[in-house]
Amino acid sequence: MEYAAKRPDRSLPPAHPVCCELVVMMIDEQSRESGPAGVRPRVPAGRRIYALGDIHGRADLLQRMHQLIRDDATDHAPDRAVVVYLGDYVDRGPQSFVVVDMLINDPLAGFETVCLKGNHDDFLLRFAATGEHAEVWLMNGAQATLASYGVDVYGPPSSAVEMGYLWADFRAALPDDHQQFFQGLRLSHREGDYLFVHAGIRPGVALSLQTPFDLMWIREEFLNSDEDFGAVVVHGHTPLPEPEIKLNRISIDTCAYTSGCLTCLVLEGGERRFLST
């Protein structure tokens with residue numbers, strides 16, 4: 001392994017070509033039908049929820065989505081607006097540092113903010129704490145994250161000594177407020193009939209007994225289930241070309257870091273719609 005510390009470029013990058021235009025998409029008739037319990041899912045009266053899918057280092061798309069949310073809230077002002085980020089702020093895209101810095105230092109004014117933890121965020125937090133699992137993290141997009149913090153990596157660690165150097169350099173590059181941000185991430189959030197998590201939940205297990213691993217990592221068992229979970233689960237983690245709407249769950253990871261399409265689900269009363277970059 002070779003790596004070098006450098007002064008990273010933390011300005012917002014020029015806009016990337018995107019595969020979809022700026023749109024506001026209304027939900028189709030199928031998604032307006034009753035939820036698993038026979039009643040259309042709702043959020044509390046007077047409240048509007050904006051839920052964002054996986055950002056993965058695309059600060060340009062986050063900036064654009066924030067403006068879409070501001071415009072939407074200005075045009076149709078709710079009594080209370082809550083923004084829920086579903087996690088995976090880092091890795092793969094080029095500007096993980098800027099994404100985290102925006103969420104800390106330039107949040108949406110006038111909005112309540114809830115930041116959830118994704119599996120990639122957990123990778124970063126565990127590596128920062130112990131130096132472990134660097135090989136697995138590097139295979140999952142960590143090189144872009146490390147570079148955004150000023151630590152360039154040109155290959156996997158080849159020895160424990162090199163691993164120690166990499167760990168020390170990253171710990172030195174990680175600002176205290178960024179570390180506190182990752183340490184403060186939540187695993188789930190509830191709003192009325194909706195539960196927000198990064199990956200999903202394990203069928204057959206009560207919501208109060210779900211494990212952190214499943215909330216951040218689960219896929220097939222959750223995605224293939226038609227079980228009534230007791231809430232409609234809004235999640236990311238599994239990328240798809242467009243949002244997927246089921247009676248018991250809504251998936252909003254649209255692979256923003258490659259597609260250019262960051263998706264936001266908007267919930268108000270019993271209505272659902274989408275914002276997309």
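Along each chain, residues carry numbers from 1 onward, in the same order as the chain's sequence is written. pLDDT decides what is reported in this predicted model: residues at 70 or higher carry local features, side-chain atom pairs at 80 or more are listed and counted, and totals for whole chains, interfaces and linings draw on all residues regardless. Only heavy atoms go into the side-chain values, all of them from the structure, while hydrogens and water stay out.

### Quick notes on unusual backbone geometry
Rules: Strands are runs of DSSP state E lasting at least two residues, helices are runs of H or I lasting at least four, and both sets are numbered from the N terminus onward.
At aspartate 88, a residue that is not glycine, the phi angle is positive and equals roughly 60°. Its location among the elements puts aspartate 88 in the loop between strand E4 (80-85) and helix H2 (96-105). A positive phi angle, close to 75°, is found at arginine 92, a residue other than glycine. Relative to the assigned elements, arginine 92 resides in the loop between E4 and H2.

### Digging into the nonpolar core
For clarity, the cut-off: Grouping buried Ala, Val, Leu, Ile, Met, Phe, Trp, Tyr and Cys residues that are joined through side-chain atoms within 4.5 Å yields what is termed a nonpolar core. In this scheme, a residue with accessible area under 20% of its type's maximum is buried, one over 50% is exposed, and one in between is partly exposed, where area comes from a 1.4 Å probe on protein chains only. Only heavy atoms enter the contact rule, under which two residues are in contact if any of them lie within 4.5 Å.
If you look at the biggest cluster of nonpolar residues, it comprises 50 residues, and the most contacted ones within it are Tyr50, Leu52, Ile69, Tyr85, Tyr89, Phe170 and Phe182. When residues of this core are assigned to their parent elements, the largest contribution, seven residues, is made by helix H1 (residues 59-75). Excluding its chain neighbours within four sequence positions, the residues that come into contact with leucine 52 are Leu62, Met65, Ile69, Val83, Val84, Tyr85, Leu86, Ile252, Leu262, Thr263 and Cys264. One finds Val43, Ala51, Leu116 and Val234 within the second-largest nonpolar core, a separate group that totals 17 residues.

### Re the confidence of the model for the chain
To keep things clear, this is the line we draw: A score from 0 to 100, pLDDT tells how confident the predictor is in each residue.
Per-residue confidence for the chain gives a mean pLDDT of 88, with 85% of residues at or over 70. Confidence over residues 14-33 falls short of pLDDT 50; this stretch has 39 contacts with residues more than four positions distant or in other chains.

### Quick notes on the side chain of glutamine 210
What counts, and what does not: Pairs of N or O atoms are called polar contacts if they sit within 3.5 Å, as long as, within protein, a hydrogen donor faces a hydrogen acceptor (for residues adjacent in sequence, only side-chain-to-side-chain pairs).
Position of glutamine 210 among the secondary structure elements: in the loop between strand E8 (194-196) and helix H8 (212-217). Separated by 2.7 Å, the side chain of glutamine 210 and the backbone nitrogen of arginine 202 make a polar contact. With residues near it in sequence (within four places) discarded, glutamine 210 still touches Ile201, Arg202, Val205 and Leu215.

### Notes on the pairing of E4
The line we're drawing: Two strands pair under a simple rule: DSSP has to find at least two bridges between them. By the criterion used throughout, a crossover qualifies as right-handed when its path from the first strand across the helix to the second strand runs clockwise, the strands pointing away from the viewer.
In terms of burial, E4 is largely enclosed, as five of its six residues are buried. Pairing of strand E3 (residues 47-52) with E4 involves six bridges; the strand directions are parallel. Each residue of the ladder has a partner; that of leucine 52, found in E4, is tyrosine 85. Direction of pairing for E4 relative to strand E5 (residues 112-115): parallel, over a ladder of four bridges. Looking at the pairing, valine 82 lines up with glutamate 112 of E5. In this region the chain leaves E4, passes through H2 and returns to the parallel neighbour E5; the handedness of that crossover is right-handed.

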